[in-house]
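These are the residues of each chain, in order.
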Amino acid sequence: MENEKLKKTTANVSSLPSPALCIPGTTDDTEPDEQQDLSKHQGRTRSFPHERGIWASYVFIDYGDSDGWLEMQNECKTLLNDATTTLEFNPIDRMHLSLTKTFTIRHHNINPFVSNLREQLAGRRRFRLEFSGVQVYVNEERTRTFLGVRVADESYGALNTLVTSLDECLREYKLPLYYTDRAFHVSILWCLGDREAEVRKELPALTAVFERVYEEEYCDISQQVKTLWFKCGNKSFHFDLI
């Protein structure tokens with residue numbers, strides 16, 4: 001899931017910035033009018049205006065090709081769309097765990113920034129993440145609601161170490177650092193609007209789905225993290241862990 005500080009609003013609901021995936025492949029080759037055409041982006045709006053030569057970017061762990069994650073996403077989507085006839089939940093196209101906020105970087109800074117990332121991440125070892133349940137999130141603009149899977153507290157150590165290293169790179173370029181109050185998670189579904197109340201009612205059933213699928217697909221969902229990704233506009237860079 002981004003762009004301003006995560007804040008817990010209740011035990012089961014968090015507010016969060018609009019995820020990076022609401023800004024599809026923004027580059028300086030994309031026309032502003034196209035970026036604002038809501039019909040092309042399922043009614044989603046940009047969290048900051050398009051500016052030529054500025055690229056929307058973030059670092060993340062990719063879960064988009066995992067069969068276990070896809071099963072979790074599909075079963076939760078079916079449950080929510082059947083239980084809440086007034087809502088239409090959509091799958092996150094590329095499920096991921098963000099390790100930076102979504103930030104913007106100028107084209108001429110991309111290569112040196114990637115080089116800095118490689119230096120900071122050199123020698124980093126692979127690790128495994130555990131997950132502990134589902135949670136409802138709403139972006140700060142209250143325009144989109146998300147269902148996410150929480151990282152278990154015991155897995156925060158490896159992620160906090162990575163975020164500290166990434167923050168060093170961001171600091172050099174005067175880019176926004178990651179959240180002080182961290183709530184690592186993987187967003188799997190979204191819908192338009194602030195639908196917190198409706199989704200909260202379904203959390204017990206969603207939790208049962210999570211527990212069953214997580215047990216059945218544990219090795220796939222909690223597989224070792226071997227690669228980190230940096231997406232910058234329509235460009236992607238990968239960093240292999242040892």
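Everything here concerns the structure above.
So, a few notes on the structure that sits alongside this text. In this numbering scheme, every chain counts its residues from 1 along its sequence in written order. In keeping with the predicted nature of the model, local features appear solely for residues at pLDDT of at least 70, side-chain atom pairs appear and are counted solely at 80 or more, and the whole-chain, interface and lining totals rest on all residues. Processing note: side-chain calculations cover all non-hydrogen atoms of the structure and skip hydrogens and water entirely.

**A short note on the layout of surface pockets**
Space inside and on the surface of the protein is sampled on a 1 Å grid over the protein atoms alone, with a cavity defined as a set of points where a 1.4 Å probe fits but cannot get out and a pocket as an open set with protein on both sides within 12 Å along at least 5 of 7 lines; lining residues have an atom within 4 Å of a point. Grid points are joined across faces, edges and corners, and a volume is the space filled by probe spheres set on the points. When its volume is computed, the largest pocket comes out at roughly 280 Å³. Numbered from the N terminus, helices here are DSSP runs of H or I no shorter than four residues, and strands are runs of E no shorter than two. Contributions of two or more residues to the lining of the largest pocket are made by β3 (54-62), β11 (224-225) and β12 (227-232). Here the nonpolar group is Ala, Val, Leu, Ile, Met, Phe, Trp, Tyr, Cys and Pro; Asp, Glu, Lys and Arg are the charged ones; every other residue, Gly included, is treated as polar. Per-class residue counts for the lining of the largest pocket are four nonpolar, five polar and four charged.

**So, helix α4 (residues 156-172)**
Counted at 1.5 Å a residue, the expected span for α4 with its 17 residues is 24 Å, and the 24 Å between its end C-alpha atoms agrees. A simple rule labels every residue: compare its accessible area, found with a 1.4 Å probe on the protein chains alone, to the largest value its type can have, and call it buried under 20%, exposed over 50%, or partly exposed in between. Buried residues of α4: Y156, L159, L162, V163, S165, L166, D167, C169 and L170, and no others. K174 occupies a position one or two residues after α4 and carries a positive phi of about 55°. In a helix, the anticipated span is given by 1.5 Å times the number of residues less one.

**Quick notes on the environment of T207**
Looking at the secondary structure, you find T207 in helix α6 (residues 203-216). Owing to a relative accessible area of 27%, T207 belongs among the partly exposed residues under this scheme. Each C-alpha atom of the pair T207 and V149 lies 9.7 Å from the other, and the pair is 58 residues apart in sequence.

**A look at the nonpolar core**
Note on terminology: a nonpolar core comprises buried Ala, Val, Leu, Ile, Met, Phe, Trp, Tyr and Cys residues joined through side-chain atoms within 4.5 Å. Core analysis: the biggest nonpolar cluster contains 63 residues, and I61, Y63, L97, L99, F131, I188 and F230 have the highest contact counts within it. Residue contributions to this core peak at seven residues, all from α4.

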